[in-house]
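# Survey of secondary and tertiary structure
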Amino acid sequence: MRSAPSTLSWPTRLWQVARLVLLAYVIVLVILMIFENKLIFFPARFPDGDWTGAGLKFEDAWITTADGVKIHGWYLPCDAPRAFIVFAHGNAGNITHRDDLMRELQDRFRVTSLFFDYRGYGRSEGSPYEAGILADARAARQWLADKAKIPESDIVLMAESIGCGAMVDLAAKDGARGLILENAFTSLPDVAANAMPGVPVRLIMRTRLNSLSKIAAYQGPLLQSHGTHDSIIPFNLGQQLFAAANEPKQFVEIKQGDHNDPRTQQFYRELETFLNALPPAKK
């Protein structure tokens with residue numbers, strides 16, 4: 001005599017479904033952890049970009065970091081510079097994609113600058129990760145100071161997006177003649193939490209770039225700008241970072257501005273004012 005097929009009770013079936021959902025969720029978290037750096041950094045390697053530097057006066061800068069990685073940048077001099085700036089770019093592309101800002105600094109603002117690529121970007125060796133890009137920024141500043149024969153503290157630090165994390169770290173630890181931040185954030189997990197609600201990114205992310213915990217240690221002038229409609233780094237994160245910073249400071253609110261919009265004339269006017277008000281160089 002054949003027995004009737006057994007049926008699972010609804011609590012058992014519910015538990016089985018819950019286990020499958022939980023397993024899938026854990027798998028997703030593991031994948032996010034394994035590929036974290038690839039989800040943060042989007043380098044464009046050489047020869048991507050226009051490496052002729054058309055219209056710019058520049059020379060290649062080859063810089064060796066403290067951990068022995070050779071990174072690359074462009075040194076853009078001008079006669080009788082009013083300031084020396086080292087610039088840290090965002091998480092995508094390479095230095096060639098910032099040639100518009102290079103021209104403005106060199107021609108309009110009479111600034112000598114160094115634009116460098118993090119490890120793994122452009123012509124730089126290696127692969128990017130948090131400690132690595134912090135080391136890259138430190139090495140770039142030292143290179144510019146040596147080239148210009150000035151103290152590192154006489155250099156203005158400028159950054160956009162993820163580069164702000166590197167430059168806030170430098171400014172907080174060692175000071176700077178000035179700090180310029182575009183579309184900055186409190187910490188990278190805060191940015192990720194906005195992009196991935198429901199994922200415990202603040203617990204699982206190794207990359208922190210926690211500028212909020214560092215900015216108060218910087219004692220110097222700050223110029224910070226942010227687009228009100230930034231779709232990548234929420235405007236309120238920039239506001240929170242600015243609130244934690246010391247005076248003197250100026251916040252430039254770019255109305256309707258999104259993350260990758262071109263720099264506005266409003267920003268450049270404020271930059272002019274900021275450069276004019278910088279404290280005298282120590283040299």
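Residues numbered from 1 in each chain as written. Predicted model: local features only at pLDDT ≥ 70, side-chain atom pairs only at ≥ 80, totals over all residues. Heavy atoms only, no water.

What follows is about the sheet that holds strand β4 (residues 83-88). The strand order across the open sheet formed by eight strands is β2-β3-β6-β4-β7-β8-β9-β10, and the pairing between neighbours is mixed. Only two strands of the sheet have a single neighbouring strand rather than two, namely β2 (59-64) and β10 (249-254). Between one strand axis and the next, the sheet turns through 20° on average, direction left out of account. The pairing of β4 with strand β6 (residues 111-116) spans six bridges and is classified as parallel. By the bridge assignment for β6, Ala-88 is matched with Phe-116. Packed on one face of the sheet, helix α4 (residues 130-148) meets β2, β3 (70-76), β4, β6 and β7 (156-160) and runs near 125° to β2. Packing against the sheet, helix α5 (residues 163-174) makes contact with β4, β6, β7 and β8 (178-182), and its axis sits at approximately 155° to β7. (Pairing = 2+ DSSP bridges. Helix = DSSP H or I, 4+ residues; strand = E, 2+ residues; numbered from the N terminus. Axes fitted to C-alpha atoms, helices over the stretch in contact; angles between N-to-C directions. Contact = heavy atoms within 4.5 Å.)

Using the criterion set out here, one finds eleven aromatic pairs in the structure. When the ring of Phe-46 is compared with that of Trp-51, the centres are 5.3 Å apart and the planes differ by 70°; the resulting orientation is edge-to-face. Judged by its relative accessible area of 44%, Phe-46 falls in the partly exposed class. Look at Trp-51 and you get buried, because its relative accessible area is 15%. Ring centres 5.8 Å apart and planes at 75° place the aromatic pair Phe-235 and Phe-251 in the edge-to-face group. Pair noted here: Phe-235 is in helix α8 (residues 235-244) and Phe-251 is in strand β10, with a separation of 16 residues, a long-range link. For Phe-235, a relative accessible area of 14% gives the class buried. Taking relative accessible area as the criterion, Phe-251 reaches 18% and is therefore assigned buried. (Phe/Tyr/Trp six-rings, centres within 6.5 Å; stacked < 30°, edge-to-face > 60°. Buried < 20%, exposed > 50% of the residue type's maximum accessible area, 1.4 Å probe, protein only.)

Bringing the packing of helix α3 (residues 99-108) against helix α9 (residues 265-276) into the picture now. The axes of two packed helices give the description: the angle between them and the distance between them. Running from amino to carboxyl end, α3 crosses α9 at an angle of 40°, the nearest separation of the two axes being 13 Å. By the angle between their axes, α3 is oblique relative to α9. Relative to α9, the crossing made by α3 is right-handed. For the pair α3 and α9, the contacting residues are Leu-101, Glu-104, Leu-105 and Arg-108 in the first and Gln-265, Tyr-268 and Leu-271 in the second. (Parallel < 35°, antiparallel > 145°, perpendicular 65-115°, else oblique. Left-handed = near helix turned anticlockwise from the far one by under 90°.)

In this section: unusual backbone geometry. Generally, phi is negative for residues other than glycine and the peptide bonds are trans, each holding for most cases. Backbone torsion omega between Phe-46 and Pro-47 reads 15°, so that peptide bond is classified as cis. In this structure, Pro-248 follows Glu-247 across a cis peptide bond, with omega equal to 0°. As for its position among the elements, Pro-248 is in the loop between α8 and β10. Unlike most non-glycine residues, Asn-183 shows phi in positive territory, near 55°. Within the element layout of this structure, Asn-183 appears in the loop between β8 and α6 (188-195). On the basis of relative accessible area, Asn-183 is assigned to the buried category, the value being 12%. The backbone of Gln-256 sits at a positive phi, close to 65°, despite the residue not being glycine.

Attention now moves to the environment of His-89. Of note, His-89 is situated in the loop between β4 and β5 (92-93). In the structure, His-89 is positioned 142 residues away from Ser-231 in sequence and 18 Å away in space, judged by C-alpha atoms. Among residues more than four places away in sequence, those in contact with His-89 are Asn-94, Ile-95, Arg-98, Phe-116, Asp-117, Tyr-118, Tyr-121, Glu-160, Ile-162 and Gly-163. In terms of polar contacts, His-89 uses its side chain to reach the side chain of Asp-117, at 2.8 Å. (Polar contact = N/O pair within 3.5 Å; in protein donor to acceptor, adjacent residues only side chain to side chain.)

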